[in-house]
Amino acid sequence: MNPTYPTGAYPPEAVALQGRGPDGFSGQPGVPTGVQYTTVNIPAEPPKDYIIWSFINSFYGNVFCLGLAAFIFSIKARDRKVVGDHQGAQHYGSTARCLNIWATVLTSIFFYILMLVIILVFGHVISYSYGNLYNNRYNYGK
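Because the structure is a prediction, the values reported are computed rather than measured.

### Some details on the pattern of salt bridges
Applying the stated rule across the entire model yields three salt bridges. Ionic pairing is found between Arg-78 and Asp-49, a salt bridge with its closest N-O pair at 2.6 Å. One end of the pair, Arg-78, is in helix H2 (residues 66-83); the other, Asp-49, is in the segment before helix H1 (51-60), with 29 residues separating them in the sequence. In this structure, the salt-bridge partner of Asp-85 is Arg-80, at a minimum N-O distance of 3.6 Å. If you follow the salt bridges from partner to partner, you end up with Asp-49, Arg-78 and Lys-81 in one network.

Below, the structure is given as structure tokens:
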């Protein structure tokens, strides 16, 4: 701690600023400095059409024909993107995305319920057959 400055801070004139000239501006001394701007053109990302996801949903999980509807909207989005209508492509792409989400969720729920029913039925059949086997073996002569 500095005894002259009890807070421990140094006065601003005692610390030289790095990268600054004597007049306080950056650049070479004696040369007038101007404001320089750099423009970077970043091309906008084209809207997504989700055509692969729609293709998979239309052929493997076409619950309530949502996969087919999503595939149609994906093709429309791709057509709009080729024409250059990015706003229309964004609209059709977002509709295809929503339909794909619903088709995926409903297909997943359908398969989970189908697997649960198969497991329960198969388990019931096995337990019933073992129960009959046990009863027939030990109750045969009675």
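### A word on the UniProt feature "transmembrane region" (unreviewed entry) in the chain
With numbering matched to this structure, UniProt assigns "transmembrane region" (unreviewed entry) to residues 50-73 and 101-126. End C-alpha to end C-alpha, residues 50-73 measures 9 Å, and it is 75% helix and 0% strand.

### Considering H2
With 18 residues, H2 should reach 26 Å at 1.5 Å per residue; the first-to-last C-alpha distance of 26 Å fits that figure. Taken together, the buried positions of H2 are Leu-66, Gly-67, Ala-70, Ser-74 and Ala-77. Down the axis of H2, the sector holding all buried residues measures 90°, keeping them to one side. The exposed residues of H2 that point more than 90 degrees off its buried face are Val-82 and Val-83. The positive-phi residue at the C-terminal boundary of H2 is Gly-84, with phi of around 110°.

### Examining unusual backbone geometry
The phi dihedral of Tyr-50 falls on the positive side, at around 55°, and the residue is not glycine. You can see Tyr-50 is positioned in the segment before H1. For Tyr-50, a relative accessible area of 25% puts it in the partly exposed group.

Analysis parameters
- Residues numbered from 1 in each chain as written.
- Predicted model: local features only at pLDDT ≥ 70, side-chain atom pairs only at ≥ 80, totals over all residues.
- Heavy atoms only, no water.
- Salt bridge = Lys/Arg side-chain N within 4 Å of Asp/Glu carboxyl O.
- Helix = DSSP H or I, 4+ residues; strand = E, 2+ residues; numbered from the N terminus.
- UniProt positions renumbered as here; feature names shortened; annotations may be inferred.
- Expected span 1.5 Å × (residues − 1).
- Buried < 20%, exposed > 50% of the residue type's maximum accessible area, 1.4 Å probe, protein only.
- Arc of directions from axis to C-beta.

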